[in-house]
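What follows is the residue order along each chain.
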Amino acid sequence: MRVNENILISSLTTMRLGGLARYVLEIEKPKDIPDAFGFAKQYNFPTFILGYGANTIGRDEGFNGVIIINRMKGITEEKTETGFKLKIMGGEYWDNVVAHACEKHLTGIEALSKIPGLTGAAPVQNIGAYGQEVADTLESIEVFDTTDYTFKTLTKSDLNFSYRKSLLNTTAKNRYFVISVTLNLSVGEMKRPFYNSIEKYISENNLTDFSPAGIRQIVSKIRAEKLPDPTEKASSGSFFKNVYLTDSEAEKAEEKGYPVHRGKDGNKINAGWFIEQVGFKGQLLHGIRVSDKAALVLINESAKSYNDLKKARAEIVGKVYDKFGYWLEQEPVEIVNTMSATYIPPISNKYGTLE
Ligand SMILES: Cc1cc2nc3c(=O)[nH]c(=O)nc-3n(C[C@H](O)[C@H](O)[C@H](O)COP(=O)(O)OP(=O)(O)OC[C@H]3O[C@@H](n4cnc5c(N)ncnc54)[C@H](O)[C@@H]3O)c2cc1C
């Protein structure tokens, strides 16, 4: 296990905000996991499980606790009648997994190309894009249960998946450390009709290759036009969740002329539409740029602190509520100091050893 002290959360998250984390422990083998959580428990530190930080935001006050990151890598394959089961260690970068599956002509995750993050985080918010969700092909996950310090396997049905939700970010939030994810993928191609923007791109460019690698290429191009590359621009991708509506709410919204999309995942209005309607698309608010390509994406262009993001968020959410009566919900999670440590173990820094 790699142990780091006093690390800026801004350096661990793609929005690049947040003060110092007291400890950052990087897990390199399963045995490290109980040791890491045991260390936090021994000194009464809160813990936060982090991946690549693409859906996580740090606050200015930092985190007086222990951040634990899964760095275990590797993909093992098991042949099935229709394709392969891939068991992927949670520290693998997600897009490398998609690339690997596409090379083997496996369908099921090609539309999830270029989603930044580690594999261990993929089931947490049930990553989804362009008509696919990780829940579609996920068979099970191996976890460490932080309540009783045991290793367990949770199956897809245990995980209660829905739009951007699972057991892991709802009823059992922060309880399980995801060690590995097993996907069941088949050799083949996605079925038509594809997601609207994929169909549009295909017809505009006269494309005919719908193999997993072909769709991966299309999705990568669409995303590059619309979404910031987090290695170049600080961002958490979609900052607001789309607004999901019941059938009767959808009817009322349609009567008012709002653009309701009725898909297999339910009735929704794109959060970006509301933001555009209140005039914020492309605007710079407190150093936070509302993307001019997709208004639900916020980019940290020159924000000095989390507080700047907070002010920008309040303006956007408030104005949308005043005009439309919907509260936009934030997608990224935040690292919050939930309890204070009762004992601080000795540390050494440039001022000497502190007790
Ligand atoms: C430019 C951009 C585009 C994006 N596009 C999409 C998109 O199209 N679709 C989509 O769904 N998301 C998208 N996202 C969001 C993000 O990529 C996903 O949520 C991704 O899964 C985050 O992975 P991560 O490793 O960065 O997770 P982190 O941000 O580090 O963590 C996210 C959550 O998962 C938990 N977690 C992380 N690792 C583990 C683990 N091993 N065990 C248990 N819990 C864990 C954390 O505690 C936290 O609650 C985008 C983000 C960016 C910046």
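Note that the coordinates shown come from a computational prediction; the quantities given were computed from them, not determined experimentally. (Residues numbered from 1 in each chain as written. Predicted model: local features only at pLDDT ≥ 70, side-chain atom pairs only at ≥ 80, totals over all residues.)

Q: Please provide a residue-by-residue account of the site of the ligand, values included.
A: If you check the shell around the ligand, you find 35 residues, and the closest are Gly-51, Gly-117, Gly-120, Ala-121 and Gly-237. At the level of elements, strand E3 (47–50), strand E9 (128–129), strand E13 (176–187) and strand E14 (234–238) are the ones that each hand at least two residues to the shell around the ligand. Considering only residue class, the shell around the ligand consists of 20 nonpolar, 15 polar and no charged. (Near = placed C-beta within 6 Å. Helix = DSSP H or I, 4+ residues; strand = E, 2+ residues; numbered from the N terminus. Nonpolar A, V, L, I, M, F, W, Y, C, P; charged D, E, K, R; others polar.)

Q: Residue-level account of the domain arrangement of the protein chain, with values.
A: Once the domains are mapped, the protein chain shows domain 1 (2–71 + 343–354), domain 2 (75–187) and domain 3 (240–330). Each of domain 1 and domain 2 was reduced to a C-alpha centroid, and the two centroids are 24 Å apart. Listed by partner, the interface residues are 13 residues for domain 1 and 15 residues for domain 2. Sorting the residues of the side of domain 1 that touches domain 2 by element identifies helix H1 (32–42) and strand E5 (63–70) as the ones contributing at least two each. Among the elements that make up the side of domain 1 that touches domain 2, the one with the highest residue count is H1 (three residues). Of the residues contributing to the side of domain 1 that touches domain 2, the split by class is eight nonpolar, four polar and one charged. (Domains from an automatic or database assignment. Contact = placed C-beta atoms within 7 Å.)

Q: Explain unusual backbone geometry to me, using residue names and the numbers behind them.
A: Residue Pro-193 is bonded to the preceding Arg-192 through a cis peptide linkage, with omega at 0 degrees. Here Pro-193 is to be found in the loop between E13 and helix H3 (196–205). We note that Asn-126 has phi near 50 degrees; this positive angle belongs to a residue other than glycine. Classification of Asn-126 as buried rests on a count of 21 C-beta atoms within 10 Å. (Buried ≥ 20, exposed ≤ 12 C-beta atoms within 10 Å, placed from the backbone.)

Q: I'd like to hear about the sheet that holds strand E19 (residues 288–290), residue by residue, with values.
A: Pairing within the open sheet is antiparallel, and its four strands lie in the order E14-E20-E19-E18. Because the sheet does not close on itself, it has two edges, and the strands there are E14 and strand E18 (284–285). Relative to strand E20 (residues 297–300), E14 runs antiparallel, the two sharing three bridges. Bridged to Ser-235 within E20 is Ile-299. Across the face of the sheet, helix H7 (residues 306–324) comes into contact with E18, E19 and E20 while running at roughly 30 degrees to E19. (Pairing = 2+ DSSP bridges. Axes fitted to C-alpha atoms, helices over the stretch in contact; angles between N-to-C directions.)

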